[in-house]
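What follows is each chain in one-letter form.
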Amino acid sequence: MPEAQKPRLKLYHASPSRSSVTLWMLEELGEPFEIELLSLKNGDQRKPEYLAVNPMGKVPTLDDGGTIVSEVSAICCYLADAYPKAGLAPAVHDKLRGPYLKWLFYVPSCVEPAVLDKAMNRPPPPRSTAGWADYDTVIEVLRAAAAKSAPYLLGERFTAADVVVGSSLRWLMQFKLIPELPEFVAYTDTLKKHPALQRQLAKDEAYARQTSG
Ligand SMILES: N[C@@H](CCC(=O)N[C@@H](CS)C(=O)NCC(=O)O)C(=O)O
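Only a predicted model underlies this, so the values are computations on that prediction, with no experimental measurement involved.

To continue, consider the site of the ligand. Around the ligand, the surrounding shell consists of Ser17, Arg18, Gln45, Arg46, Gly57, Lys58, Val59, Pro60, Glu71 and Val72. Between Arg18 and the ligand, the recorded distance is 3.0 Å, taken from a side-chain N or O atom to an oxygen atom. Contact distances for the ligand include 2.8 Å between an oxygen atom and a backbone N or O atom of Val59. Burial of the ligand by the protein amounts to 78% of the accessible area it has alone, namely 510 Å². In this structure, the ligand is accommodated by the largest pocket. Residue composition of the shell around the ligand, grouped by class: three nonpolar, three polar and four charged.

Below you can see the structure in the form of structure tokens.
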């Protein structure tokens, strides 16, 4: 594609992976974007050219016209703020901004480490030292949020927080890392009706085929 016609947004992506959350986010955003597909199996994420954009050697990474952002929740937060037309983030002084940010970052800060503690059968660190609570508490907080969703975490307003929390719940239930509680199933079933999520799932299936060989 000639340089002048290239979209501003580029996602360094691997499928299936946590990067799929940001692919869904881009689909919700409705802006043109391109994908640079990495094969984790082939170790593309550890090649010098990729380490230059993300020294952690992890996907995803977003390049927005030269602004580089990594970390799933940071990318979703960035996109929602940088492209406000899509209405995926409450404004800074909106009352919903606080809970929005909390849910956006609850997944990497609390859900991931607590679920990993349990999945790896490792004793959780002492409560007062760890930045997350024990697995049961973390899951109960999520369950209560899903039970209150109407139909989204912030009520009628769909936001980037639903992209992050919803993706995490779907993925964790699929891999049996959290129980299929009726509250989680009802909430994620609502999200599955989003055409943007359906587009992400279809694209990821095709990308996974391309890089599985
Ligand atoms: N904290 C990172 C985690 C990203 C991550 O763990 N990505 C995995 C795929 S799910 C990865 O790139 N793994 C490849 C590797 O570690 O070599 C984020 O939120 O973006």
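Extensive coverage of helix α1 (residues 19–29) is indicated by the burial of eleven of its eleven residues. Here α1 has its buried residues at Ser19, Ser20, Val21, Thr22, Leu23, Trp24, Met25, Leu26, Glu27, Glu28 and Leu29. On its buried face, α1 is in contact with β1 (9–13), β2 (33–37), α3 (72–82), α6 (160–174), α7 (182–192) and α8 (195–211).

By secondary structure assignment, the location of His13 is in strand β1. For His13, a relative accessible area of 0% gives the class buried. Separated by 46 residues in the primary sequence, His13 and Val59 have C-alpha atoms spaced 6.0 Å apart. Once residues lying within four places of it in the same chain are set aside, the contact partners of His13 are Ser19, Ser20, Leu23, Ile35, Glu36, Leu37, Leu38, Val59, Asp204 and Tyr207. Within the structure, the side chain of His13 is placed 2.6 Å from the side chain of Ser19, a separation counted as a polar contact.

Turning our attention to the side chain of Thr22. On the secondary structure map, Thr22 appears in helix α1. Excluding residues within four positions of it along the chain, Thr22 makes contact with Leu11, Pro60, Val72, Ile75 and Cys76.

Think of interface size as the accessible area that goes away when the parts come together; that is how it is often given. Split by domain assignment, the protein resolves into domain 1 (3–87 + 196–211) and domain 2 (97–194). On a C-alpha basis, the centres of domain 1 and domain 2 stand 22 Å from each other. Of the residues lining the interface, 17 residues belong to domain 1; the matching set on domain 2 comes to 18 residues. For the pair domain 1 and domain 2, the two sides together bury roughly 1400 Å², of which 59% comes from carbon and sulfur. In this structure, the connection of domain 1 to domain 2 is made through two salt bridges.

The feature "domain: GST N-terminal" (unreviewed entry), as annotated in UniProt, sits at residues 6–87 in this numbering. Between the C-alpha atoms that bound residues 6–87 the distance is 24 Å, and the span itself is 32% helix and 22% strand.

Cut-offs and rules
Residues numbered from 1 in each chain as written. Predicted model: local features only at pLDDT ≥ 70, side-chain atom pairs only at ≥ 80, totals over all residues. Heavy atoms only, no water. Near = heavy atom within 4 Å. Polar contact = N/O pair within 3.5 Å; in protein donor to acceptor, adjacent residues only side chain to side chain. Areas by Shrake-Rupley, 256 points an atom, 1.4 Å probe, with all protein chains shown as cover. 1 Å grid on protein atoms, 1.4 Å probe; cavity = no way out; pocket = protein on both sides within 12 Å on 5 of 7 lines; lining within 4 Å. Sits in = over half its atoms within 2 Å of the grid points. Nonpolar A, V, L, I, M, F, W, Y, C, P; charged D, E, K, R; others polar. Buried < 20%, exposed > 50% of the residue type's maximum accessible area, 1.4 Å probe, protein only. Helix = DSSP H or I, 4+ residues; strand = E, 2+ residues; numbered from the N terminus. Contact = heavy atoms within 4.5 Å. Domains from an automatic or database assignment. Buried area = accessible area lost by both parts, 1.4 Å probe. Salt bridge = Lys/Arg side-chain N within 4 Å of Asp/Glu carboxyl O. UniProt positions renumbered as here; feature names shortened; annotations may be inferred.

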